[in-house]
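So the chains spell out like this:
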Amino acid sequence: MKVKWTMFGMIVFFLLSVVMTCCFIWQYRKPKLKTEGFTKKVTAEEMCPRFPEPVPLKHPITSLRIALEKIDILLRSRIHTTKLPSISAIMVLNDSILWNGNFGKRNTSHPSSPAPNEYTAYRIASLSKIFPTLMLYKLWEDGLVDSLDDPLEKYLDNFTIKNPLGKSRQPASSSVRTLGINTPALTLRRMSSHLSGLPRRLRSTNLLWSGDTQEALNLLQDDVLVADPGTRCHYSNVAFPLLANILAQNVTGTDFESWVSDNILKRLRMEDTGFNFTPAIQRKMAVGVYSNGKQAPLYDLGWYRPAGQMYSTAADMAKLMMTLLGTYDVILLRQDTLNTMMTPIIQCHRGYFANFTGTPWEISEQFGYSVVRKDGDLDGFAATLSLVPRLKLGLVILMAGVRPTDKDLVSQAYSYLIPALENVFREAQQPVRAPPDPAPYVGFYTYRNMTFYEIKADSDGVLLMQQCGPQVDTTVPSKYQIIRLDYLQDRVFRVVFERPYPCKLKVNNISVSLEAQDRQLFNFYLFNKKGVAPGFDCPGLNTYRMMRIAGRPYFTS
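Every value quoted in this text rests on a predicted model; they were computed, and no experiment measured them.

Draft legend 1. Quick look at the packing of aromatic side chains. The final tally for this structure, using the stated rule, is 17 aromatic pairs. Centre to centre, the rings of tryptophan 209 and tryptophan 303 are 5.8 Å apart; their planes meet at 75 degrees, and the pair counts as edge-to-face. Taken as a pair, tryptophan 209 in the loop between helix 5 (188-191) and helix 6 (213-221) and tryptophan 303 in the loop between helix 9 (279-284) and helix 10 (305-308) lie far apart in primary sequence, 94 residues in all. Judged by relative accessible area, which is 5%, tryptophan 303 ranks as buried. Here a set of aromatic residues connected by ring pairs shows up, and it is made of Tyr441, Tyr445, Tyr487, Phe493, Phe522, Phe524, Phe527 and Phe536. It is arginine 123 that lies over the ring of tyrosine 299; its NZ or CZ is 5.4 Å from the centre.

Pasting the structure below:
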């Protein structure tokens, strides 16, 4: 094993040097000569980093402008005077508005009706489900809820519902079971992620049902779970008002809508978002219509309000997207909490309309990125909030009318934007920080006397690492011979490759991942009596004891 690890370390650090990376690229690009005997075949594949970091950009950027123009044309072309007369859309990148577009008219029944704008209100339907979920995560973060996986019964006495599909420890002859200790728990997290197994609606009710939570619980007592909790994606409008009202009444001691207004909407300055369609709000709204052009009423959802009652504007939705991406100037949830909220929970069955479900998201993949979204459709209105967390990108589309069924507008928009944005990030120069004093790191190092490196500082004090020795080909351009070391904290640096670079290289039958080596950490040893680092490790590559040598190595042929 010692010999194997020695060889592995030699290969890793040999490939880590950009010198050899570029030699491979250089040889790949050279005209191929027909020669006898053994020849190395080197193939460069797609360029990396595959998932570049979303760094600050200097606008305007031509490729982004072209992509956004395509999105503008896409949405403008979907306007239909009868069935989709109004669209407002907004896109955020990091902590800024990247683009917004408004199309059609707010009210087609009036010839003089103005076009919508980012302050035009729309009903957001099931996007309302985001707010009970935010409430759950906030109460959990604040310690008022012990765990996201607490069973509902912990906060609600005497809750029962039949679970005939549950796997119980009871005898097999027991054909009907109630949810309890012997079955998977109906947890708070599952209630907010369409994994509760609760039916879509309470029996004998519609979305206008005006009962209260106790009446809802009474109806559920003799109802059944349509799936064992946590085992199957099943869309439920029952779970969210039940969750919202129980948390509000039994944890916060207030009502759900007041809590959301005080702890989310006011805090995020979402001044044009709420639950009640007052005359002042209606004057700001686009008029919702059915497919035949008939105006849709703004009816009240009663007990189901937490699942679909709310209205908002593109401007307010932009604030919410930046909050969920962790880039807004107001912090609602910590980044680790947001990461948990954005994480897929379970892969859904093939008949479900999303690949994965989350809290409360439908999650799919596009160009290798997770697209986290929530769609909402309610008489006369349609809305989608979508996020690409890895790119710090978000898009909201608000519609007065009927959502187009022939094309997914969000996916189509991302098909233009993600590749353009990815290339811009990939080619952007990464800021590289210099250590307070580069002198303790400057010098020559070796890995087991097999590969040799020089570390020096540039005029700004940034550390540069270059391989030295007989393997170096002087015909390789100098910009490819050096890698930079980004200072993170005391004696810790991060490798920064010159970008873009090949994700993988194939040398004969061996495939080497350069992507795995990019951004690895170098941990330099405590300074010795001479005030210099005697060596460093690269733990991420399981490589240790890159040791300092007295001076430039001397090689003989």
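What follows picks up the thread again.
Draft legend 2. Geometry of the pattern of salt bridges. Counted by the stated rule, this structure contains 27 salt bridges. Close ionic contact of arginine 519 with glutamate 53 constitutes a salt bridge, the shortest N to O distance being 2.9 Å. Taken together, the positions of arginine 519 in the loop between strand 20 (510-513) and strand 21 (521-524) and glutamate 53 in the loop between strand 2 (47-48) and helix 3 (62-77) put the pair 466 residues apart, joining distant regions of the chain. Residue glutamate 53 is classed as partly exposed on the basis of its relative accessible area, which comes to 32%. Bridged by salt links that share partners, the residues Lys138, Glu141 and Asp142 form one connected network.

Draft legend 3. Spotlight on the nonpolar core. Phe131, Leu134, Leu198, Leu320 and Leu385 are the most contacted members of the largest nonpolar core, which totals 86 residues. For leucine 134, the contacting residues outside a window of four places in its chain are Ile264, Leu320, Leu324, Leu332, Leu333 and Met341. Counting 37 residues, the second-largest nonpolar core is a separate cluster that includes Tyr369, Val371, Leu393 and Leu409.

Draft legend 4. Region of interest: the side chain of threonine 323. Checked against the element boundaries, threonine 323 lands in helix 11 (residues 314-325). Setting aside anything within four residues of it in sequence, one finds threonine 323 in contact with Leu268, Tyr328, Leu332 and Leu338.

Draft legend 5. Structural detail: the pairing of strand 17 (residues 492-496). With 5 of 5 residues buried, strand 17 is to be regarded as a mostly interior element. Of the two faces of strand 17, the one holding Val492, Arg494 and Val496 and the one holding Phe493 and Val495 are both buried throughout. Here strand 16 (residues 482-489) runs beside strand 17; their pairing, made up of 5 bridges, is antiparallel. Bridging from a neighbouring strand, leucine 485 pairs with valine 495 of strand 17. Linking strand 16 back to strand 17 in an antiparallel pair, the connection comprises 2 residues, with arginine 491 at a positive phi of about 70 degrees.

Draft legend 6. View of the sheet that holds strand 8 (residues 356-357). Overall, antiparallel pairing links the 8 strands, which are arranged 4-3-12-11-10-9-8-7 in an open sheet. Both edges of this open sheet fall to strand 4 (96-104) and strand 7 (346-347), since each of them pairs with a single strand only. Examined bridge by bridge, strand 10 (residues 369-378) and strand 11 (residues 381-388) share 7 bridges and lie antiparallel to one another. Paired with glycine 376 across the strands is alanine 383, a residue of strand 11. Sheet contacts for helix 3: strand 3 (86-93), strand 4 and strand 12 (393-400); angle to strand 4, the most-contacted strand, approximately 25 degrees.

Draft legend 7. Structural view of unusual backbone geometry. The omega torsion of the bond from histidine 59 to proline 60 falls at 5 degrees, within 30 degrees of zero and hence cis. With respect to the helices and strands, the residue proline 60 is situated in the loop between strand 2 and helix 3. Between threonine 359 and proline 360 the backbone carries a cis peptide bond, its omega angle lying at -5 degrees. At serine 204, a residue that is not glycine, the phi angle is positive and equals roughly 65 degrees. Here asparagine 542, not a glycine, exhibits a phi torsion of approximately 55 degrees, which is positive. Examined against the element boundaries, asparagine 542 turns out to sit in the loop between strand 22 (535-538) and strand 23 (543-549).

Draft legend 8. View of the environment of leucine 325. By the element assignment, leucine 325 lies in helix 11. Expressed as a C-alpha distance, the spacing of leucine 325 and arginine 390, which sit 65 residues apart in the sequence, is 9.0 Å. Once you skip the residues sitting within four places of it in the chain, leucine 325 turns out to touch Val92, Gln335, Leu387, Val388, Pro389, Lys392, Leu393 and Gly394.

Draft legend 9. Summary view of the state of the cysteines. Applying the stated criterion across every chain yields a total of 1 disulfide. Here cysteine 233 connects covalently by a disulfide to cysteine 348, the sulfurs 2.1 Å from one another. Residues cysteine 233 and cysteine 348 are joined through a disulfide that is left-handed, its torsion about the S-S bond being -80 degrees. Taken together, the residues cysteine 233 in the loop between helix 6 and helix 7 (239-252) and cysteine 348 in the loop between strand 7 and strand 8 connect sequence positions 115 residues apart. We note that cysteine 233, like cysteine 348, is buried.

Draft legend 10. Just the packing of helix 6 against helix 7, in detail. Helix 7 packs onto helix 6 with a crossing angle of 130 degrees between their chain directions and a minimal axis gap of 11 Å. Classified by the angle between their axes, helix 6 and helix 7 sit oblique to one another. Pair helix 6 / helix 7 crosses with left-handed handedness. Contacts between helix 6 and helix 7 pair Thr213, Leu217 and Leu220 from the former with Leu242, Asn245 and Gln249 from the latter.

Thresholds applied
- Residues numbered from 1 in each chain as written.
- Predicted model: local features only at pLDDT ≥ 70, side-chain atom pairs only at ≥ 80, totals over all residues.
- Heavy atoms only, no water.
- Phe/Tyr/Trp six-rings, centres within 6.5 Å; stacked < 30°, edge-to-face > 60°.
- Helix = DSSP H or I, 4+ residues; strand = E, 2+ residues; numbered from the N terminus.
- Buried < 20%, exposed > 50% of the residue type's maximum accessible area, 1.4 Å probe, protein only.
- Lys NZ or Arg CZ within 6 Å of the ring centre and 35° of its normal.
- Salt bridge = Lys/Arg side-chain N within 4 Å of Asp/Glu carboxyl O.
- Core = buried A, V, L, I, M, F, W, Y, C linked by side-chain atoms within 4.5 Å.
- Contact = heavy atoms within 4.5 Å.
- Pairing = 2+ DSSP bridges.
- Axes fitted to C-alpha atoms, helices over the stretch in contact; angles between N-to-C directions.
- Disulfide = S-S within 2.5 Å.
- Parallel < 35°, antiparallel > 145°, perpendicular 65-115°, else oblique.
- Left-handed = near helix turned anticlockwise from the far one by under 90°.

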